[in-house]
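# Tertiary structure, described
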Amino acid sequence: MGSALPGSSASGHSAGRAVHTTAKLCSDVPSAPGETISVTFVDKDGLEHNVPAPIGKNLLEVAHDNEVDLEGACEGSLACSTCHVIVENEEYYKKLPEPCEDELDMLDLAFGLSETSRLGCQVIAARELDGIRVRIPAASRNFYVDGHKPKPH
Ligand code: FES
């Protein structure tokens, strides 16, 4: 009794946390292994790409997995605005978790900002987003690394 160190807990957290990518997320990631939702990207040329999005993946990853041209210069680390997407339907926009400060800061730099703009790397596929349509603006501003385009994973 009384042997617990200050700050220790009964849950057995280990100090080291594995970090696999530089990606940074503002909201919690839902998990539903194996489940997908339907997402439609409208690309810069107005072409529609209806693709399956595994629950828990962000729209930047989904775009790259399906060869949809969404830039994502910082690879999801909230340091650019090149993954800017516009949610076409306000109903879906309202279902998204609120953007965090970092996302809002980056959105301020986005070209063609709209009322329903979000960063694609921060929009996580979740059941309630099944059927969402997002438009990729005709241009993006890349303050991160000019001309750098990460390869799809
Ligand atoms: S890819 Fe840079 S903020 Fe989303």
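What counts as what
- Residues numbered from 1 in each chain as written.
- Predicted model: local features only at pLDDT ≥ 70, side-chain atom pairs only at ≥ 80, totals over all residues.
- Heavy atoms only, no water.
- Disulfide = S-S within 2.5 Å.
- Helix = DSSP H or I, 4+ residues; strand = E, 2+ residues; numbered from the N terminus.
- Core = buried A, V, L, I, M, F, W, Y, C linked by side-chain atoms within 4.5 Å.
- Buried < 20%, exposed > 50% of the residue type's maximum accessible area, 1.4 Å probe, protein only.
- Salt bridge = Lys/Arg side-chain N within 4 Å of Asp/Glu carboxyl O.

A word on the state of the cysteines. Per the counting criterion, the structure on display carries one disulfide. Here Cys26 engages in a disulfide with Cys100; their sulfurs sit 1.8 Å apart. Placement of Cys26 in the segment before strand 1 (36-42) and of Cys100 in the loop between helix 2 (90-95) and helix 3 (101-107) is noted, with a sequence separation of 74 residues between them.

Moving on, we get to the nonpolar core. Among the nonpolar cores identified, the biggest contains 30 residues, and Val39, Phe41 and Leu129 are the most heavily contacted of them. Counting only elements with at least two residues in this core, the list comes to strand 1, strand 2 (48-54), helix 1 (59-65), strand 3 (84-87), helix 3 and strand 5 (132-135). For this core, the element with the highest residue contribution is helix 1, accounting for four residues.

Let's shift gears to the pattern of salt bridges. Under the criterion given, the structure shown has eight salt bridges. Arg127 is paired through a salt bridge with Glu35; the nearest N and O atoms lie 2.7 Å apart. Here Arg127 is found in the loop between strand 4 (117-119) and strand 5, whereas its partner Glu35 is found in the segment before strand 1, with 92 residues between them in sequence. Overall, the relative accessible area of 32% leaves Glu35 in the partly exposed class. A salt bridge links Asp65 to Lys57, with the shortest nitrogen-to-oxygen separation between them at 2.4 Å. Through salt bridges with shared partners, a single ionic network connects Glu48, Glu88, Arg133 and Arg135.

A few words now on unusual backbone geometry. The residue Glu67 is not glycine, and still its phi comes out positive at about 55 degrees. Locating Glu67 in the fold gives a position in the loop between helix 1 and strand 3. The backbone of Leu78 sits at a positive phi, close to 60 degrees, despite the residue not being glycine. For Leu78, a relative accessible area of 7% translates into the label buried.

Everything listed is a geometric property; what it means functionally is a separate question.
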